[in-house]
Amino acid sequence: MVKADVTVVGGGPAGAALAVELGRRGVRVVLYEKARHPRLKPCGEGLLPHGVAALRDIAGVPEAPRVRGLRFVAAGVSVDADFPEGSGLVVRRDRFDAWLFELAAGTPNVDARPGTPYRGSRSRLLVGADGARSMFHRRLPGTVARPLRVGLSTHVAGLERLGDRVEVFFHDDGELYLAPSGGGEALVAGLFDYSRFRPDGVTHLLSAIPELRDRAAHIEPTTPLLASAPLGLHVSRIVDEEDGLILVGGAAGTPDPITGDGMALALASTRSAADAIVSGDLRAYARRRLAMGRTANRLGRLMLRLSRTERRAAWVLRDLSALVPPLIAVAVGRTSLGSATD
Ligand SMILES: Cc1cc2nc3c(=O)[nH]c(=O)nc-3n(C[C@H](O)[C@H](O)[C@H](O)COP(=O)(O)OP(=O)(O)OC[C@H]3O[C@@H](n4cnc5c(N)ncnc54)[C@H](O)[C@@H]3O)c2cc1C
């Protein structure tokens, strides 16, 4: 058997995209994925335009509903905001992750091993792409973000008046995200502070928000309800040059999902990770990726503050709606947070 140059642990979006990029550059990769795709995963499933652009360069763009922006709603006040450039995608994680993993498996120099948990054998370089609860955090520890939050997600049929924007409803008990998933289905996800979490949080919000009571009157779930907690992770060191270890994707830190940026961050930093692996300059990747993560985390904290209560979110949407487009520009990587809030 030919010896690999790089061992990638985790065949989610980050690991699969990196395997494609490395394999195409002639780097021999073993890609371990403990699950067998397609598998469901708790997620808001919105891929922001800069993630779509990065994906286009690496792998092309899969069939998935396009969205042109977001619609924010709080206490009956609503603001529509389009992306400054390009469109986002709503990627059902079972289909999207399977598509990207298949592409990696078919890339020259990639030995993809689905259904194979990583057990410790390794090549010169080891890549931790095993998500926010990475086994490699024993060596490069992460800290959980505050406030502690829980995410729930599912898909439904029969939700009425789905448009071509991701809808975000702010409520005192949590936020609710709706997006078209294709084939008449919708993604429904909720994010909650620990203190306000309830297992029926999604159905509770669907009935507590007046606009949704009618629209959701005849919905039927089409996939199981999935949960994830805690959300948001800071990792201050993401490479160990001596040990030949590098973290990518959620393992390298992930903002609160209120930014909708996790997958885009993973994909937009894939090229930089591949460059570092090929050149051996792991620090260049670490600097770039940590800076991207800091911006996303600051944006997440600001968005959480602005939407702390339904009343505050409604006040922002009504009286400070001029803030919304610059914040979207930060979310899609078009401007820094400092210039957006000047
Ligand atoms: C509730 C919620 C909502 C979200 N909403 C959004 C959103 O709207 N938009 C967005 O962009 N992001 C969102 N995110 C974040 C997004 O899910 C992550 O950023 C993304 O999944 C990171 O991709 P990844 O490939 O790094 O990790 P993952 O997708 O977690 O993939 C890691 C893979 O590694 C595999 N693995 C783990 N351990 C091993 C092992 N020992 N051996 C082999 N394989 C292993 C797992 O099976 C998995 O397939 C959300 C997250 C949550 C929890």
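The rules we used
- Residues numbered from 1 in each chain as written.
- Predicted model: local features only at pLDDT ≥ 70, side-chain atom pairs only at ≥ 80, totals over all residues.
- Helix = DSSP H or I, 4+ residues; strand = E, 2+ residues; numbered from the N terminus.
- Rg over C-alpha atoms; globule rule 2.2 N^0.38 Å.
- Buried ≥ 20, exposed ≤ 12 C-beta atoms within 10 Å, placed from the backbone.
- Contact = placed C-beta atoms within 7 Å.
- Pairing = 2+ DSSP bridges.
- Near = placed C-beta within 6 Å.
- Nonpolar A, V, L, I, M, F, W, Y, C, P; charged D, E, K, R; others polar.
- Core = buried A, V, L, I, M, F, W, Y, C linked by C-beta atoms within 7 Å.
- Axes fitted to C-alpha atoms, helices over the stretch in contact; angles between N-to-C directions.
- Parallel < 35°, antiparallel > 145°, perpendicular 65-115°, else oblique.
- Left-handed = near helix turned anticlockwise from the far one by under 90°.

Colleague: For this particular structure, what's the right way to read the overall build of the chain?
Modeller: Of the regular secondary structure elements, the chain holds eleven helices and 19 strands. Taken over C-alpha atoms, the radius of gyration comes to 20 Å for the chain, in line with the 20 Å a tight globule of 342 residues would show. Going through the 342 residues of the chain one by one, you find that 52% of them count as buried. For the chain, long-range pairs separated by at least 24 residues make up 78% of all intrachain contacts whose partners lie at least 6 apart in sequence.

Colleague: Just checking my understanding: could you explain the sheet that holds strand β18 (residues 239–240) for this structure?
Modeller: Neighbouring strands of a sheet are bound in pairs by backbone hydrogen bonds; such pairs are parallel or else antiparallel. Within the open sheet, the six strands sit side by side as β8-β2-β1-β9-β19-β18. Their pairing is mixed. If you trace the sheet from one side to the other, it starts and ends with β8 (110–114) and β18, each paired once. Pairing of β18 with strand β19 (residues 245–247) involves two bridges; the strand directions are antiparallel. Paired with V239 across the two strands is I246, which belongs to β19.

Colleague: What is the right way to read the sheet that holds strand β3 (residues 46–47) from this model?
Modeller: With antiparallel pairing, the three strands of this open sheet are ordered in space as β3-β7-β4. Looking at which strands have only one partner, the edges of the open sheet turn out to be β3 and β4 (66–67).

Colleague: What exactly am I supposed to notice about the pairing of strand β14 (residues 185–193) here?
Modeller: Along a regular strand, successive side chains alternate from one face of the sheet to the other. Counting buried positions along β14 yields eight of nine residues, so the element is predominantly enclosed. Sheet topology places strand β11 (residues 149–157) next to β14; nine bridges connect them, and they run antiparallel. Bridging across to β14, H155 finds its partner in L187. Bridging between strand β13 (residues 174–182) and β14 involves seven bridges; their strand directions are antiparallel. Counted as the bridge partner of Y177 is A189 from β14. The turn linking β13 back onto β14 is made up of two residues, and G183 within it adopts a positive phi angle of 60 degrees.

Colleague: What is the right way to read the site of the ligand from this model?
Modeller: Neighbouring the ligand are 40 residues, the closest being G12, G44, G151, G249 and G262. The set of elements that each furnish at least two residues to the shell around the ligand consists of α1 (13–24), β2 (29–33), β3, β11 and α6 (262–268). Examining the composition of the shell around the ligand, we find that four residues originate from one element, α6, more than from any other. Of the residues in the shell around the ligand, the class split is 19 nonpolar, 15 polar and six charged.

Colleague: What is the right way to look at the pairing of β13 in this model?
Modeller: β13 sits mainly inside the fold: eight of its nine residues count as buried. Of the pairings in the sheet, the one linking strand β12 (residues 165–171) to β13 comprises five bridges and is antiparallel in character. Each bridged residue has a counterpart across the sheet, and for F170 the counterpart in β13 is E175. In sequence, β12 turns back onto β13 through a hairpin of two residues.

Colleague: Help me understand the nonpolar core, please; the structure alone is not making it clear to me.
Modeller: One recurring pattern in soluble globular proteins: nonpolar side chains tend to sit buried together. Within the largest apolar cluster, 111 residues are counted, with the highest numbers of intra-cluster contacts made by V8, L18, A19, A104, V127 and V248. Ignoring sequence-local partners within four residues, the contact set of V248 consists of A14, L18, V127, A129, A266, S269 and A273.

Colleague: Explanation requested: the packing of α1 against helix α3 (residues 93–105) in the structure shown.
Modeller: Between two packed helices, both the angle of their axes relative to each other and the distance between the axes serve to describe the pair. Closest axis-to-axis distance for the α1/α3 pair is 8 Å, and the angle between their directions is 25 degrees. Comparing the axis directions of α1 and α3 gives the class roughly parallel. Here the hand of the crossing between α1 and α3 comes out left-handed. Touching P13, A16, A17, A19 and V20 of α1 are D97, L100, F101, L103 and A104, all from α3.

Colleague: Just checking my understanding: could you explain the packing of α1 against helix α7 (residues 270–279) for this structure?
Modeller: Put simply, α1 and α7 touch, their axes get as near as 9 Å, and they point 50 degrees apart. With respect to their mutual orientation, α1 and α7 come out oblique. You can see that α1 and α7 cross each other, and the crossing is right-handed. Two secondary-structure elements touch here, α1 through A17, L18, E21 and L22 and α7 through T270, R271, A273, A274 and I277. Residue composition of the contact of α1 with α7, by class: six nonpolar, one polar and two charged.

Colleague: Could you clarify how one ought to interpret unusual backbone geometry in this entry?
Modeller: P147 follows R146 through a cis peptide bond whose omega is -5 degrees. Mapped onto the secondary structure, P147 falls in the loop between β10 (142–144) and β11. For the bond from A229 to P230, the omega torsion is -10 degrees, close enough to zero to count as cis. Mapped onto the fold, P230 is located in the loop between β16 (226–228) and β17 (233–235). If you check the backbone angles, E45 has positive phi at about 65 degrees while not being a glycine. Within the element layout of this structure, E45 appears in the loop between β2 and β3. The phi torsion at N109 lies on the positive side, around 75 degrees, for a residue other than glycine. Its location among the elements puts N109 in the loop between α3 and β8.

None of this, on its own, says anything about what the molecule does.
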